[in-house]
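Spelled out, the chains give:
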Amino acid sequence: MQRLKTRPQFQAVLAGSTLSRTPHFALHRLALDGEALLAIQPALFALHDVWMGAMVPKRWAKRAVTRNAIKRQIYAVSADFEPALMQAAHVVRLRSGFDKTRYVSATSEALKSAVREELQQLFTRAVVKVSPQATALPAQGTA
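### Some remarks on helix α3 (residues 64-81)
Taking 1.5 Å per residue, 18 residues should reach 26 Å; α3 reaches 26 Å between its end C-alpha atoms and fits that length. Buried within α3 we find Thr-66, Arg-67, Ala-69, Ile-70, Gln-73, Ile-74, Tyr-75, Val-77, Ser-78 and Phe-81.

### Some details on the pairing of strand β4 (residues 51-55)
Judged by how many residues are buried, β4 sits mostly within the fold: four of five residues are covered. In terms of strand pairing, strand β1 (residues 2-3) meets β4 through two bridges, oriented parallel. Residue pairing across strands places Arg-3 opposite Met-52, the latter belonging to β4.

### Remarks on the environment of Leu-32
Mapping Leu-32 onto the fold places it in the loop between β3 (25-31) and α2 (35-40). The class of Leu-32 is buried, set by a relative accessible area of 8%. A sequence separation of 19 residues divides Leu-32 from Val-13, and the C-alpha atoms of the two residues are 10.0 Å apart.

### Focus on the environment of Glu-118
Structurally, the position occupied by Glu-118 is in helix α4 (residues 109-130). Judged by its relative accessible area of 9%, Glu-118 is buried. With 94 residues separating them along the chain, Glu-118 and His-24 place their C-alpha atoms 7.8 Å apart. Excluding residues within four positions of it along the chain, Glu-118 makes contact with Thr-22, Pro-23, His-24, Phe-25 and Phe-98. Reaching out from Glu-118, the side chain makes a polar contact with the backbone nitrogen of His-24 at a distance of 2.6 Å.

### Looking at the nonpolar core
Counting 27 residues, the largest nonpolar core has Phe-25, Ile-70, Ile-74, Val-92, Leu-119 and Phe-123 as its most contacted members. Where this core is concerned, the elements lending two or more residues are β3, β4, α3, β5 (88-94) and α4. Broken down by element, this core gets its largest block of residues, eight residues, from α4. Residues in contact with Ile-74, not counting those within four places in the same chain, are Phe-25, Ala-54, Val-56, Val-92 and Leu-119. The next biggest cluster of nonpolar side chains, apart from the first, holds eleven residues, and it includes Leu-4, Phe-10, Val-13 and Ala-89.

### Looking at the layout of surface pockets
The calculated volume of the largest pocket comes to roughly 220 Å³. Around the largest pocket, the lining is made up of 13 residues, and of these Ala-61, Thr-66, Phe-98, Lys-100 and Tyr-103 lie nearest the centre. Among the residues making up the lining of the largest pocket, the classes are represented as seven nonpolar, two polar and four charged.

### Let's talk about helix α1 (residues 7-14)
All of the buried residues in α1 are Gln-9, Phe-10, Ala-12 and Val-13. Down the axis of α1, the buried side of the element spans an arc of 160 degrees, and every buried residue falls inside it. On its buried face, α1 is in contact with β3, β4 and β5.

Rules used throughout
- Residues numbered from 1 in each chain as written.
- Predicted model: local features only at pLDDT ≥ 70, side-chain atom pairs only at ≥ 80, totals over all residues.
- Heavy atoms only, no water.
- Helix = DSSP H or I, 4+ residues; strand = E, 2+ residues; numbered from the N terminus.
- Expected span 1.5 Å × (residues − 1).
- Buried < 20%, exposed > 50% of the residue type's maximum accessible area, 1.4 Å probe, protein only.
- Pairing = 2+ DSSP bridges.
- Contact = heavy atoms within 4.5 Å.
- Polar contact = N/O pair within 3.5 Å; in protein donor to acceptor, adjacent residues only side chain to side chain.
- Core = buried A, V, L, I, M, F, W, Y, C linked by side-chain atoms within 4.5 Å.
- 1 Å grid on protein atoms, 1.4 Å probe; cavity = no way out; pocket = protein on both sides within 12 Å on 5 of 7 lines; lining within 4 Å.
- Points joined across faces, edges and corners; volume = space filled by probe spheres on them.
- Nonpolar A, V, L, I, M, F, W, Y, C, P; charged D, E, K, R; others polar.
- Arc of directions from axis to C-beta.

See below:
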């Protein structure tokens, strides 16, 4: 999995479609096939692979330690879902803040597990939308 690094890459993906949403996150995708993309910026996505970016604005997570913890969760969960994702560019965007009264510590286990659970919902919805066969989903724990 490749990571988005430049502002034009993020802007291109955010201009694409929104694949799924949860109360705190949105997943945007830009398909890497098609001549329209190649005509715009062929050097933006030189490799035909799964690309992932994380956008955690200061507006919704004031402390850097919180932003970094959320980004680490985004990249960890996206790595779990990589085999089920299309070869496209994806951006996970934090679109609202977590309740500060409920999650007092910036890196509490409660916050990390809430973020991870919501990200798993986000990616599960995206994978189900893209391919109705849910056979490619990663194991979430068997009961």
